[in-house]
Amino acid sequence: MKILVTGGLGYIGSHTAVELQNEGYDVLIIDNLSNSSIEVLDGIQAITGKRPHFEKLDLKHKQDVRGVFKKHPDIAGIIHFAASKAVGESVQNPLMYYENNINTLVYILQELEGLNQKNFIFSSSCTVYGQADKLPITEDAPVKPAESPYGNTKQIGEEIIGDTCKVNSNLKCVALRYFNPIGAHHSARIGELPIGIPQNLVPYITQTAIGLREQLSVFGGDYPTPDGTCIRDYIHVVDLAKAHVVALQRLIENKNQSNFEIFNLGTGKGSSVLEAIQSFEKVTGEKLNYKIVERREGDITAAYAETSKAEKILGWKTELSLDDAMSSAWKWEQRIRNKI
Ligand code: WQD
């Protein structure tokens, strides 16, 4: 059964491609290589022994999207990761984000309607909740006005899917709202490949530890949390990838209870920035050079998932810990810097 993974050479996409292949699916990756590299295909093949089909394509080009679906009429499901995802960049360049994240979703959905099997999984984000009023965060927590164009494209994306599903009962769609994905496959053959200065915490930690960065700035030590630093739900990327396979199987087997379902994907546990640093230091034996500085604009105080819906309905929950994620992130960083 062939599954299309858009953005499949990216961080979460590549880990999902591995788990799909592990479950026996035939994987077709579309990627424009704007934020990934073709060598990721080698990494996937090194892990599973199977090389995904690959089409280099920019999903902003509607005719090219149409062409690839004509070439692969046997696509039985789509997992749509392809999108720009840097919060700060989206504030500086909103139109690039709306064009790249919204137009491409519309073109993919237009092609979905023409498939025999109309199974679709959308990569969404806990960012839609903003600073939730209640913790842990359930799926029926209100979606707050987006704090960035990036976050807005996830909200708009979910609305586009919802509106389309209302008038097309044949579509079977799921939006997966990720909390904070971290870590890498234990083989260290694939992992996160931030371009330039990492915006996210964990790659900045590993790049500081390996000597690429001078010092980690901890953005804010005066939040209303036990140790004053922000709290997040750090989920191992392999657990996250497995959730996509479970959600897809559910659609293929027609077990979905409505034609548009939404799930939070997190561990259910909040960890502060200092706790994340302590975990890294514990599992690696490295002493991290960091300094608490002023808050980062736009950061929320705390977010972590209420996980019972995914557990009860998807039959999925995380198996890997924060320590596992830190250990795998460090092994990956060492490998890509040829230290191991
Ligand atoms: C985590 C915590 C920072 C870097 C964003 C997006 C979200 C998703 C994940 C795409 C915060 C602190 C960070 C640093 C720090 N992206 N931090 N020093 O902001 O929770 O979520 O990335 O889907 O949609 O919003 O993740 O890793 O940037 O920050 O102190 O150098 O680490 O202040 O408290 P965030 P993050």
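Residues numbered from 1 in each chain as written. Predicted model: local features only at pLDDT ≥ 70, side-chain atom pairs only at ≥ 80, totals over all residues. Heavy atoms only, no water.

Summing up its helical and strand segments, the protein chain has eleven helices and 13 strands in all. Along the first, second and third principal axes, the C-alpha atoms of the protein chain reach 55 × 45 × 40 Å. Residues classed as buried in the protein chain amount to 55% of the 340 residues present. At a minimum sequence separation of 6, the contacts of the protein chain that also span at least 24 residues come to 79%. Within the protein chain, the 41 negative side-chain charges are centred at a point lying 3 Å from the centre of the 36 positive side-chain charges. (Helix = DSSP H or I, 4+ residues; strand = E, 2+ residues; numbered from the N terminus. Buried < 20%, exposed > 50% of the residue type's maximum accessible area, 1.4 Å probe, protein only. Contact = heavy atoms within 4.5 Å. Lys, Arg positive; Asp, Glu negative; His and termini not counted. Charge placed at Lys NZ, Arg CZ, Asp CG, Glu CD.)

For the protein chain, the domain assignment lists domain 1 (2-181 + 235-265) and domain 2 (201-232 + 268-339). Computed over C-alpha atoms, the centres of domain 1 and domain 2 are 24 Å apart. Taken together, the contact between domain 1 and domain 2 spans 24 residues of the former and 20 residues of the latter. Taken together, the two surfaces of domain 1 and domain 2 that pack against each other cover about 2,100 Å², and 67% of this comes from carbon and sulfur. Three residues stand out in domain 1 for area buried against domain 2, namely His236, Asp239 and Phe263, and they jointly supply 26% of the buried area on that side. Between the two partners, domain 1 and domain 2, sit zero salt bridges. (Domains from an automatic or database assignment. Buried area = accessible area lost by both parts, 1.4 Å probe. Salt bridge = Lys/Arg side-chain N within 4 Å of Asp/Glu carboxyl O.)

One finds Ile3, Leu20, Ile29, Ile121, Leu176 and Leu265 to be the most contacted residues of the largest nonpolar core, which totals 37 residues. A per-element tally of this core places helix H8 (residues 237-252) first, with nine residues. Residues lining this core come from more than one domain, with at least three contributed by each of domain 1 (2-181 + 235-265) and domain 2 (201-232 + 268-339). Contact partners of Leu176, with chain neighbours within four places excluded, come to Ile121, Phe122, Ser123, Ser124, Ser125, His244, Ala247, Phe263 and Leu265. Within the second largest apolar cluster, 28 residues are counted, among which are Val68, Ile102, Leu112 and Ile262. (Core = buried A, V, L, I, M, F, W, Y, C linked by side-chain atoms within 4.5 Å.)

Counted at 1.5 Å a residue, the expected span for helix H11 (residues 322-336) with its 15 residues is 21 Å, and the 21 Å between its end C-alpha atoms agrees. Listed as buried for H11 are Leu322, Ala325, Met326, Ser328, Ala329, Trp330, Trp332, Glu333 and Gln334. Looking at the buried side of H11, the elements it contacts are strand S7 (180-182), helix H7 (201-209), strand S10 (234-236), strand S12 (271-272) and helix H9 (273-284). At the N-terminal boundary of H11, the capping side chain belongs to Ser321, with an oxygen 3.3 Å from the backbone nitrogen of Asp323. Where H11 ends, the next residue or the one after it, Asn338, has phi of about 55 degrees, a positive value. (Expected span 1.5 Å × (residues − 1). Polar contact = N/O pair within 3.5 Å; in protein donor to acceptor, adjacent residues only side chain to side chain.)

Among the six residues that make up strand S2 (residues 26-31), five are buried, leaving the element largely enclosed by the rest of the structure. Sheet topology places strand S1 (residues 2-6) next to S2; five bridges connect them, and they run parallel. Looking at S2, one finds that Val5 is bridged to Ile29. Traced from S1 through helix H1 (residues 11-22) to S2, the parallel crossover comes out right-handed. The sheet contact formed by S2 and strand S3 (residues 53-56) spans four bridges and is parallel. By the bridge assignment, Ile30 is partnered in S3 with Glu55. A crossover connection joins S2 to the parallel S3 through helix H2 (residues 39-48); in handedness this β-α-β unit is right-handed. (Pairing = 2+ DSSP bridges. Right-handed = clockwise from strand over helix to strand, strands pointing away.)

Turn by turn, an α-helix covers 3.6 residues, leaving residues three or four places apart pointing in a common direction. The terminal C-alpha atoms of helix H5 (residues 94-112) lie 27 Å apart, and with 19 residues this matches the ideal 27 Å at 1.5 Å per residue to within 8%. By the burial criterion, the buried members of H5 are Tyr97, Asn100, Asn101, Ile102, Thr104, Leu105, Tyr107, Ile108, Leu109, Glu111 and Leu112.

Quick look at the packing of H7 against H9 now. Remark: H7 packs on H9, axes separated minimally by 11 Å, with the N-to-C direction vectors making an angle of 45 degrees. Judged by the inter-axis angle, H7 sits oblique to H9. Of the two elements, H7 crosses H9, and the hand of that crossing is right-handed. Seen from H7, the contacting residues are Leu201, Ile205, Thr206 and Ala209; seen from H9, they are Val273, Ala276, Ile277 and Phe280. (Axes fitted to C-alpha atoms, helices over the stretch in contact; angles between N-to-C directions. Parallel < 35°, antiparallel > 145°, perpendicular 65-115°, else oblique. Left-handed = near helix turned anticlockwise from the far one by under 90°.)

Around the ligand lies a shell of 19 residues, among which Tyr150, Leu201, Ser217, Arg232 and Asp299 are the nearest. At 2.6 Å from an oxygen atom of the ligand is found a side-chain nitrogen or oxygen belonging to Arg232. Calculation on the ligand without its partners gives an accessible area of 680 Å², and the protein chains cover 90% of this total. Contributions of two or more residues to the shell around the ligand are made by H7 and strand S8 (216-219). Per-element tally for the shell around the ligand: the top contributor is S8, with four residues. Classifying every residue of the shell around the ligand by side-chain character gives ten nonpolar, six polar and three charged. There are two domains that each give the shell around the ligand at least three residues, and those are domain 1 (2-181 + 235-265) and domain 2 (201-232 + 268-339). (Near = heavy atom within 4 Å. Areas by Shrake-Rupley, 256 points an atom, 1.4 Å probe, with all protein chains shown as cover. Nonpolar A, V, L, I, M, F, W, Y, C, P; charged D, E, K, R; others polar.)

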